[in-house]
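Observations on the model geometry
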Amino acid sequence: TSTLIPDNIVSKDSKVDKPSPKAPVSKNSEPTTPISELKEKGRIATSLETARKYLGQKFTDTLFNFKELTKGLEGYKDFINQDSVWQSKASGRAELLKLKIVDIVKEAKAKGISLEELSDYLMAKHARDRNKHIVENVDENNPFGSGLDEVTISEILDVDESKRKQLDELADKVYEVVESTRSRMLESGLISQEAYDALKEVESYVPLTNFEDESIEVSSIMQGNDISIKGKEWKQAKGRTTKAGNILVNMLQQGTAVEIRAAKNELLKTIHDIIVKHPDSDIAKVYTPETLPKQKILVTANNPKYVGVKVDGEQKYIRFENDLLAQNIQNTTNAQAGDLLKNLSKVNNYLRAMITTWNPEFMLGNFFRDLATGIIHLQGQQDLNVDLDGKKITKEAIALVPKAIKQIAKFEIGKKGQDTKLGKMYQEYIKDGAKTGWTQQTKYEDLVKDLKKASNLEGEKSVSKRIGTVKNFVEGLNTSVENGIRFAAYVSARNNGVSREAAASLSKELTVNF
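These numbers were taken from a predicted model, which means no experiment stands behind them.

Regarding the overall build of the protein chain
Along the backbone of the protein chain there are 18 helices and 5 strands. Here the protein chain holds 514 residues, and 49% of them are scored as buried. When the accessible area of the protein chain is evaluated, it comes to approximately 25,200 Å², of which 53% is carbon and sulfur surface.

This is how it looks when you write it as structure tokens:
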């Protein structure tokens, strides 16, 4: 059996045919009402409660109905925790991934090695394995399935000993990033241990995706706004005749895609677990590909009633008995107001920054507001754990706030203090989704520009550079103050026995998000 070499670790998300968003929730949709009694075509709201549920699921929280129906069931708290942080978890982890790649590029620059030179070296190191795999398993008439022929590979790898040592040191750090992406897939349940072990066999693996010629159009590896997780986690290498795009940029694109897909899957697993723990419930049923109803075409054709999820790499399908509930969950990443918000996102983000993160005056008022709100919420944290002392957590968190703000400022402004105990915990705070944020896939050519800018590979005019430095400083300072009480609460909660997931959810919901 040949070694498994993926062309790209992440497959395209299924495009789910979006059902009509017009169906309101019936006035009979009370928390104690069986799901089968939810009406898919409700009448005009006749009470404030009905209006609250309709508006809640349509505009603010597409999981509103599911929360109402599962409240108090075993697994509900895990679901609430994941729902609170899954989008910011993807954002935070993608942010840390980018930081690692930027650090590698900056180190290469300090050694006199360009981004292109490092990419070519990584490509050449993997090219022989890829060429062999394509000839033996895919196309015997394509001896250069990596996009590089043997002459080009030899020329790239023919460097003096000193340069080779520097390149190999950088390559080892790149492979660590590749490994972190693989581990994330395993951790989130996207792949099995067996698949993970197979992927690890290819020590020199780097993603040979996209094109060196940026004018060639390529589709995003993550498509669709639905949450369903279906299909394979990589596209099998089929061979190519053109040189791949920049390896570091490919890694950033691939890693971000994995983080989005992994966070979605972790949320869906909590929904899956609730259903499995309550098999007699009429909310939904869980199927495997083998136990699906005879009309499998309905699933393969992306019937919106079926939501895909991966459990230890195994494909499962959650079939919701009610169309409206299925629609709500499918649209978790795209609430009805989403399209409008996406179109206005750039303007909205600019206005938000002007009023908040770029505004020094906002910092002081926001700090005291967050502190007051945070204290009130922290004192009620016995709900997380009956043995938890809310007053103790609050006291410890308040004492930690100055240190928390200082640590965040070090990281956000200067990217320093990462190896201290508090610095490592702040990175866990980001990984766990406690820091507010969201992310989406970015086009390859935009990522190239973004990576070069973040790595200072393109010179800026002195005035623009100074303005950018001041802006980043003010933004970093405001981020530090805004997250100060949240991070302090996260640390205090974890020091008092709260799990990382619950601590992240607690701190994320502690104060108002701006």
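Points about the side chain of Ser84
With respect to the helices, strands and loops of the structure, Ser84 is situated in helix H3 (residues 76-110). Aside from chain neighbours lying at most four places away, what touches Ser84 is Ser505, Lys508 and Glu509.

Focus on the sheet that holds strand S3 (residues 284-287)
Pairing is antiparallel in the open sheet, where 3 strands are placed in the order S3-S5-S4. The open sheet has two free edges, formed respectively by S3 and strand S4 (306-311), since each of these has just one partner strand. The average angle at which neighbouring strand axes cross in this sheet is 25°, direction not considered. With 4 bridges connecting them, S3 and strand S5 (residues 314-320) associate as antiparallel partners. Residue pairing in the sheet places Ala284 in a bridge with Phe320 of S5.

Digging into H3
Helix length check: H3, at 35 residues, gives a terminal C-alpha distance of 50 Å against a target of 51 Å (1.5 Å per residue), a fit within 8%. The sharpest bend along H3 reaches about 50° and sits at Val85. One or two residues past the end of H3 sits Gly112, with phi positive at roughly 80°.

Re the nonpolar core
Ile101, Leu118, Leu122, Val174, Leu248, Met251 and Leu451 are the most contacted members of the largest nonpolar core, which totals 39 residues. Those elements giving two or more residues to this core turn out to be H3, helix H4 (115-137), helix H5 (150-157), helix H6 (161-187), helix H8 (247-277) and helix H16 (444-454). Leaving out residues up to four positions away in the same chain, Leu122 has contacts with Ala171, Val174, Tyr175, Val206, Ile247 and Leu248. Of all hydrophobic cores here, the second largest spans 34 residues; its members include Phe66, Leu199, Trp234 and Ile271.

A look at the pairing of S5
Most of S5 is tucked away, with 6 of its 7 residues classed as buried. Connecting S4 to the antiparallel partner S5 that follows it, the hairpin turn spans 2 residues, and Asp312 within it adopts a positive phi of roughly 50°.

Comments concerning unusual backbone geometry
Positive phi, normally seen in glycine, also occurs at Asp312, with a value near 50°. Mapped onto the secondary structure, Asp312 falls in the loop between S4 and S5.

What about the pattern of salt bridges?
Tallying each qualifying case throughout the model produces 24 salt bridges. Here Lys305 makes a salt bridge to Asp323, at a shortest N to O gap of 3.2 Å. On the criterion of sequence distance, the pair formed by Lys305 in the loop between helix H9 (296-300) and S4 and Asp323 in helix H10 (residues 323-330) is long-range, its members being 18 residues apart. Where salt bridges share partners, they join Lys89, Arg93, Arg184, Glu187, Glu259 and Glu266 into one cluster.

Brief notes about the packing of helix H14 (residues 390-414) against helix H15 (residues 421-431)
Their axes nearest at 10 Å, the elements H14 and H15 cross at an angle of 75°. As far as their axial angle goes, H15 and H14 are roughly perpendicular. Contact residues: H14 offers Lys403, Gln407, Ile408, Phe411 and Glu412, while H15 offers Leu422, Gly423, Tyr426, Gln427 and Ile430. The class makeup of the residues in the contact of H14 with H15 is 5 nonpolar, 3 polar and 2 charged.

Some details on the environment of Tyr444
For Tyr444, the position within the fold is in helix H16. Residue classification places Tyr444 among the buried residues on the basis of a relative accessible area of 6%. With 194 residues separating them in the primary sequence, Tyr444 and Asn250 have C-alpha atoms 7.7 Å apart.

Overview of the side chain of Ser119
Among the structural elements, Ser119 can be located in helix H4. Among the residues examined, Ser119 registers a relative accessible area of 2% and is labelled buried.

Parameters and conventions
- Residues numbered from 1 in each chain as written.
- Predicted model: local features only at pLDDT ≥ 70, side-chain atom pairs only at ≥ 80, totals over all residues.
- Heavy atoms only, no water.
- Helix = DSSP H or I, 4+ residues; strand = E, 2+ residues; numbered from the N terminus.
- Buried < 20%, exposed > 50% of the residue type's maximum accessible area, 1.4 Å probe, protein only.
- Areas by Shrake-Rupley, 256 points an atom, 1.4 Å probe, with all protein chains shown as cover.
- Contact = heavy atoms within 4.5 Å.
- Pairing = 2+ DSSP bridges.
- Axes fitted to C-alpha atoms, helices over the stretch in contact; angles between N-to-C directions.
- Expected span 1.5 Å × (residues − 1).
- Bend = angle between axes of the 7 residues up to and from the residue.
- Core = buried A, V, L, I, M, F, W, Y, C linked by side-chain atoms within 4.5 Å.
- Salt bridge = Lys/Arg side-chain N within 4 Å of Asp/Glu carboxyl O.
- Parallel < 35°, antiparallel > 145°, perpendicular 65-115°, else oblique.
- Nonpolar A, V, L, I, M, F, W, Y, C, P; charged D, E, K, R; others polar.

Function-wise, these values are silent; they only describe arrangement.
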